[in-house]
Amino acid sequence: MRTTTLLGRGPEQQRLATLVAGVTEVGGALLIRGQAGIGKSALLSEAAAQARAAGLKVLSVTGAESEQNFPYAGLHQLLHPLRKDIDALPGRQRDALRVALCLADGDIPDLYVVALATLNLLSDTGTPLLLLAEDAHWLDQASADVLAFVARRLESEPIVLLATVRDGVPSQLDAAALPSLQVEPLTDEVSATLLDEVAPKLEQSVRERLLSESAGNPLALTELPGTLSADSLLKATVPLNTRLEQAFGARTSALPAATRMCLLVASLNDRGSLAETLDAAAAALGVPVDADALTPATEARLIELEAGRLTFRHPLMRSAIVQTSTATERQAAHRALADALHQEPERQVWHLAAATPTPDENIASALVKAAERAQYRGGVEAAIASLEEAARLSETADLRADRLLRAADLGVEAGRPDVVKRLLIEASQGDLSQQDQARATWVRSSFDDGLVDDTAGPTELAKLARSVYEDGDLDLAMRILWGAGMRCFWSEPGAEGRQHLLDVADSLPLDDGDPRLIAILAYVAPIERGKVVAAGLMDLAGQTGGNPMVERFLGSAALQIGAFELSARFSSSAAAGLREQGRLGLLARALAVHACSAVRLGNLDIAMPAAEEAARLAKETNQTFMYGFAVSAQAEVAALRGQYAEAAELIAEAEQVGLAAGARPVLATVQLARGLVALGEGRHADAFADLHRIFDPAEPSYQLALRCYVIAELAEAAIRCGQEDAVRKIVKRLEKDAQQSASPSLHIGLRYVRAVLANDDEAEKLFQTALAADLTGWPLERGRLQLAYGEWLRRHRQAAESRVHLRAARETFDALGLIPWSERARSELRAAGETSPRRTPDAREQLTPHELSIAQLAAEGLTNREIGQRLYLSHRTVSTHLHRIFPKLGITSRADLPAVLRNSPA
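This report concerns the structure included in the present document.

Reading the values: rules and limits
- Residues numbered from 1 in each chain as written.
- Predicted model: local features only at pLDDT ≥ 70, side-chain atom pairs only at ≥ 80, totals over all residues.
- Heavy atoms only, no water.
- Helix = DSSP H or I, 4+ residues; strand = E, 2+ residues; numbered from the N terminus.
- Rg over C-alpha atoms; globule rule 2.2 N^0.38 Å.
- Buried < 20%, exposed > 50% of the residue type's maximum accessible area, 1.4 Å probe, protein only.
- Contact = heavy atoms within 4.5 Å.
- Areas by Shrake-Rupley, 256 points an atom, 1.4 Å probe, with all protein chains shown as cover.
- Lys, Arg positive; Asp, Glu negative; His and termini not counted.
- Charge placed at Lys NZ, Arg CZ, Asp CG, Glu CD.
- Pairing = 2+ DSSP bridges.
- Axes fitted to C-alpha atoms, helices over the stretch in contact; angles between N-to-C directions.
- Phe/Tyr/Trp six-rings, centres within 6.5 Å; stacked < 30°, edge-to-face > 60°.
- Salt bridge = Lys/Arg side-chain N within 4 Å of Asp/Glu carboxyl O.
- Core = buried A, V, L, I, M, F, W, Y, C linked by side-chain atoms within 4.5 Å.
- Left-handed = near helix turned anticlockwise from the far one by under 90°.
- Nonpolar A, V, L, I, M, F, W, Y, C, P; charged D, E, K, R; others polar.
- Right-handed = clockwise from strand over helix to strand, strands pointing away.
- Polar contact = N/O pair within 3.5 Å; in protein donor to acceptor, adjacent residues only side chain to side chain.
- Expected span 1.5 Å × (residues − 1).
- Parallel < 35°, antiparallel > 145°, perpendicular 65-115°, else oblique.
- 1 Å grid on protein atoms, 1.4 Å probe; cavity = no way out; pocket = protein on both sides within 12 Å on 5 of 7 lines; lining within 4 Å.
- Points joined across faces, edges and corners; volume = space filled by probe spheres on them.

### Some points on the overall build of the protein
Phase 1 of the analysis: The helix and strand inventory of the protein stands at 46 helices and 7 strands.
Phase 2 of the analysis: In terms of C-alpha radius of gyration, the protein reaches 32 Å, essentially the compact-globule figure of 29 Å for 906 residues.
Phase 3 of the analysis: Every one of the 906 residues in the protein was classed for burial, and the buried ones make up 56%.
Phase 4 of the analysis: Counting only contacts in the protein whose residues sit at least 6 apart along the sequence, the fraction spanning at least 24 positions is 68%.
Phase 5 of the analysis: Surface exposure of the protein reaches about 36600 Å², of which carbon and sulfur atoms provide 49%.
Phase 6 of the analysis: For the protein, the centre of its 94 positive side-chain charges and the centre of its 118 negative side-chain charges are spaced 4 Å apart.

Pasting the structure below:
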């Protein structure tokens, strides 16, 4: 492979060369960091030359500040050579990508569908690829998000992504947690060698000062000697970047007027089109301008011209030209660009805005329309920028406030608390109407389900919802109530706070079967309104019309009241719909609910992959507390499977997230998992202490709803460590709750507890009553009862009868993969005089949660491409996983998967 040595960059070049050379074996991404001028671009150029020499196809994109407000502008640049292949993508992906790239009109494309389409388009090229993203910190947000999505999924692809970002400038790729390479300044020795090559006849004093001031920056060492005099250099005190800009600016000062105008127009243009630059420069100057006007700039090594495109040799050259121009010159250039772009209104309006220093409602209204178009294409960040600029140009205070608040609301959707805070501060500088004050309060408290916000508690939000409704906005009132209900899940507002919310919910003109109302009641009053919620859920089962948002509301409501079978059904259906729509943020939530419901039912082969995917997607969509909730569910699964070391690691990770903001569901599930580990290890006193914390209102792990559904585990620990009296006090309180609630889980748990705590005269009848209840769909609870009843019968010398129940419990736990419970049933059977066949390890236990999910889908008959669409992976990645799965399961093809996985519990 061709290699040209860059001075002082041997290790960096070797790392890039290794990545490129190994692309057919393993793909990946690398973020190259460093200050401006440090040599990132040179490393990329060398990597590209090596890749082409090795037969790789190279696709590139260069970010520019002027393009940041145009959604998918960077992606358009990157994928332009592949545009003819888009039609070969699956229908929904094809349509989404075509809309995103302005190749067609259509429904709003979800970013993650666009991202999956991009991944598959790249994967299907049939040749190894090198993707280059230079100045990725200046990519538009949508393109950066797509690249981050792709970068996380390249391991099984013959694709390498190299992206450069400047130190101190935030980039969306930072959140992707990619491997990185920090490009450090050149050593003193290498710097001296480079300077002597560039300027061998410098005076010694100037040479020494240049070496000192350049601080190992290659661009400074090559550019400053020819543009700064010895006197100006020795007096220089400005930062290096500024000095470089001054150096580049000095080069332009002596250029002809037409050349300078062309360079200014090109610096302000969001695309590198040579034709646009010449047309706009001609309009600004009032005389014809052709490509010859740029010859002086090319000779001065400021720009490069190729295939109708104008490219600056370094981003600092572009910024230098802008910095050295006057405001009047910049406004004239923007107006000229606007004239040249009359057929592209979305780009034109931005240049009109930049040329307009005072309010102008016509331009402001056009920017609002641009925001709507950007949002239509999935460019939320671009829509925010358009609305903010529209606010600046608004002619009335009311319009300004409305546009700022709309932008802030979109900031919540984009997950940008910094942007929201800035916009709300700006909006509050004017006199807000009561309605706008309510909107601002709601937006301010919308992040992280209100956990990290102390400006609006449930009582304040209840008053706000009532006020908003009285002003005629029922939809906003419901959104506020839903948000307040979520706070009742994540934190504990107290009885008074919950009652305020109930009063407002009861006062709204809503149908009793409104899914939003049912979900709000479930979150706010899971006990007092439990029967109402349960009835509403049963009425709506099968009546959702396949609406994933409705099903998500209902799944969450069912979880709150312990109707885990219904919750699993609703959330599974919601997940399928949200997956199809590409709404990964909401998908993470639906999967987390599905996982928590499934693990409570004992369906670990469903819970395990759901929790893993929920955690992965929550992390990818920056939902910290939902990530903690999903990880706590993973810990519960590991504890039930007897994987105690893994459970401990997951517990620690989830607890760290939960403690950061007192996320009660996370901490409650952490304590449950911790208690299950202690029970499995025979540390019954520890188990009781861990589980008891879920029931103590003074503990951060207390959660009003979830405490009702772990009473069986608490009782089991209590009777093995002499804490029967303590648990009876808790049971007494829960018996009162059960009178108001129709919660299946609470009633199942109480029937179990009554039996295990009963005296000898009553226990047998209570066990039989508990087992006679309808436990269809609750295999874990049935197995738990059978085990406890079998143990009781054996202790009371009814060995023959005990074996029937112990055997059934063993078979249930074997099927569910609850190894500690299965071993306990075997031990009891031995004590009752019956040996058990050795448990054959389930093949599924050899798989990771992610692999299990892929194996299950393949067993259902889905193709690799269909599995990839479900899990947001490329089909090539799915194929790689399957080839790892087959040896683990002892099979050779996907045709064998159904037989291997057939023992999956229903």
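Here the narrative resumes, following the displayed structure.
### Digging into the sheet that holds strand S5 (residues 180-182)
Phase 1 of the analysis: Within the open sheet, the 5 strands sit side by side as S2-S3-S4-S1-S5. Their pairing is parallel. The open sheet is flanked by strand S2 (57-62) and S5, the only strands paired with a single partner. In this sheet, adjacent strand axes meet at a mean angle of 15 degrees when their direction is disregarded.
Phase 2 of the analysis: Relative to S5, strand S1 (residues 28-34) runs parallel, the two sharing 3 bridges. What sits directly across from Leu 31, in S5, is Ser 180.

### A few points about the packing of aromatic side chains
Phase 1 of the analysis: With the rule as written, the count across this model stands at 13 aromatic pairs.
Phase 2 of the analysis: With 5.1 Å between their ring centres and 20 degrees between their planes, Phe 767 and Tyr 789 make a pair best called stacked. Pair noted here: Phe 767 is in helix H39 (residues 760-772) and Tyr 789 is in helix H40 (residues 779-795), with a separation of 22 residues, a long-range link. Here Phe 767 matches Tyr 789 in class, with each residue buried.
Phase 3 of the analysis: Note on Phe 813 and Trp 821: the rings are 5.4 Å apart at their centroids and 65 degrees apart in plane angle, and the pair reads as edge-to-face.

### Some thoughts on unusual backbone geometry
Phase 1 of the analysis: Located in the positive-phi region is Arg 301, a residue other than glycine, with phi close to 60 degrees.
Phase 2 of the analysis: Among the secondary structure elements, Arg 301 is positioned in the loop between helix H14 (295-299) and strand S6 (303-306).
Phase 3 of the analysis: Its identity as a non-glycine residue notwithstanding, Asn 622 has a phi of 60 degrees, on the positive side.
Phase 4 of the analysis: One can find Asn 622 in the loop between helix H31 (604-620) and helix H32 (624-640).

### Topic: the pattern of salt bridges
Phase 1 of the analysis: Taken as a whole, this structure holds 46 salt bridges when the rule is applied.
Phase 2 of the analysis: For Arg 422, the salt bridge identified is with Glu 388, shortest N-O distance 2.3 Å. Remark: Glu 388 occurs in helix H19 (residues 380-392) and Arg 422 occurs in helix H21 (residues 417-428); sequence separation between them is 34 residues.
Phase 3 of the analysis: Assessed through its relative accessible area of 40%, Arg 422 is described here as partly exposed.
Phase 4 of the analysis: Residues participating in the shared-partner salt-bridge network are Arg 600, Glu 636, Glu 713, Glu 781 and Arg 784.

### Focus on the nonpolar core
Phase 1 of the analysis: Residues Leu 97 and Leu 537 are the most contacted members of the largest nonpolar core, which totals 220 residues.
Phase 2 of the analysis: Setting aside anything within four residues of it in sequence, one finds Leu 97 in contact with Leu 75, Leu 79, Ile 86, Leu 89, Val 114, Ala 117, Thr 118 and Leu 121.
Phase 3 of the analysis: By size, the runner-up hydrophobic cluster in this structure holds 43 residues, among which are Val 206, Ala 266, Val 289 and Ala 293.

### A short note on the packing of helix H37 (residues 724-740) against helix H38 (residues 744-757)
The angle between the axes and the distance between the axes are what describe a pair of packed helices.
Phase 1 of the analysis: Where H37 meets H38, the closest approach of the two axes is 11 Å, and the angle between their N-to-C directions is 145 degrees. Where H37 crosses over H38, the handedness of that crossing is left-handed. Here Glu 724, Val 727, Arg 728, Val 731, Leu 734, Glu 735, Asp 737 and Ala 738 of H37 lie close against H38, whose contacting residues are Leu 746, His 747, Leu 750, Val 753, Arg 754 and Leu 757.
Phase 2 of the analysis: Of the residues that constitute the contact of H37 with H38, the class distribution is 8 nonpolar, 1 polar and 5 charged.

### Some thoughts on the pairing of strand S4 (residues 159-166)
Phase 1 of the analysis: Within S4, 8 of the 8 residues are buried, which leaves it mostly tucked inside the rest of the structure.
Phase 2 of the analysis: Because side chains alternate across S4, one face comprises the buried residues Ile 159, Leu 161, Ala 163 and Val 165, and the other comprises Val 160, Leu 162, Thr 164 and Arg 166, equally buried.
Phase 3 of the analysis: The sheet contact formed by S1 and S4 spans 7 bridges and is parallel. Considered in S4, the bridge of Gly 28 is made with Val 160.
Phase 4 of the analysis: Pairing of strand S3 (residues 129-134) with S4 involves 5 bridges; the strand directions are parallel. From the neighbouring strand, Leu 132 faces S4, where its bridge partner is Leu 162.
Phase 5 of the analysis: After leaving S3, the chain enters helix H6 (residues 141-151) and then returns to the sheet as S4, a path that is right-handed.

### Concerning the side chain of Glu 716
Phase 1 of the analysis: When you line up the elements, Glu 716 lands in helix H36 (residues 711-719).
Phase 2 of the analysis: Engagement of the side chain of Glu 716 in a polar contact is seen with the side chain of Arg 824, the distance being 2.4 Å.

### Considering helix H30 (residues 584-601)
Phase 1 of the analysis: Between its first and last C-alpha atoms H30 spans 25 Å; for 18 residues at 1.5 Å apiece the expected length is 26 Å, and the two agree.
Phase 2 of the analysis: Gly 602 lies just past H30 and shows a positive phi near 95 degrees.

### Concerning the packing of helix H43 (residues 849-859) against helix H45 (residues 875-889)
Phase 1 of the analysis: Remark: H43 packs on H45, axes separated minimally by 10 Å, with the N-to-C direction vectors making an angle of 95 degrees. In terms of orientation, H43 lies roughly perpendicular with respect to H45. Listed contacts from H45 to His 850, Glu 851, Ile 854, Ala 855 and Ala 858 of H43 are Val 878, His 881, Leu 882, Arg 884, Ile 885 and Lys 888.
Phase 2 of the analysis: A per-class count over the contact of H43 with H45 returns 6 nonpolar, 2 polar and 3 charged.

### Observations concerning empty space enclosed by the protein
Phase 1 of the analysis: Overall, the coordinates contain 4 cavities of 30 Å³ or more when judged by the stated rule.
Phase 2 of the analysis: Along the wall of the largest cavity there are 14 residues; nearest its centre are Arg 600, Glu 636, Thr 669, Leu 672 and Leu 706.
Phase 3 of the analysis: Contributions of two or more residues to the lining of the largest cavity are made by H30, H32 and helix H34 (664-680).
Phase 4 of the analysis: Tallied by class, the residues present in the lining of the largest cavity amount to 11 nonpolar, 1 polar and 2 charged.
Phase 5 of the analysis: Its boundaries defined by the atoms lining it, the second largest cavity holds a volume of some 120 Å³.
Phase 6 of the analysis: Forming the walls of the second largest cavity are 12 residues, and the residues nearest its centre are Leu 604, Asp 605, Arg 641, Leu 816 and Gly 817.
Phase 7 of the analysis: Every element with two or more residues in the lining of the second largest cavity is listed here: H31 and helix H41 (799-816).
Phase 8 of the analysis: The element best represented in the lining of the second largest cavity is H31, accounting for 3 residues.
Phase 9 of the analysis: Residues of the lining of the second largest cavity, tallied by class, amount to 6 nonpolar, 1 polar and 5 charged.

### What about the environment of Val 20?
Phase 1 of the analysis: Residue placement: Val 20 occurs in helix H1 (residues 10-21).
Phase 2 of the analysis: The exposure class of Val 20 is buried, given its relative accessible area of 1%.
Phase 3 of the analysis: For the pair Val 20 and Gln 846, spaced 826 residues apart in sequence, the C-alpha to C-alpha distance is 33 Å.

### Comments concerning helix H7 (residues 188-198)
Phase 1 of the analysis: Here H7 has its buried residues at Val 190, Ser 191, Ala 192, Leu 194 and Leu 195.
Phase 2 of the analysis: Looking at the buried positions of H7, the neighbouring elements they touch are helix H8 (204-214) and helix H9 (218-223).

### Details of the side chain of Arg 784
Phase 1 of the analysis: By the secondary structure assignment, Arg 784 is in helix H40.
Phase 2 of the analysis: On the basis of relative accessible area, Arg 784 is assigned to the buried category, the value being 3%.
Phase 3 of the analysis: One polar contact links Arg 784 to Glu 781, side chain to side chain, over a distance of 3.1 Å.
Phase 4 of the analysis: Not counting residues up to four positions away in its chain, the partners in contact with Arg 784 are Ala 712, Glu 713, Glu 716, Tyr 752, Phe 813 and Trp 821.

Honestly, it's all geometry; don't read function into it.
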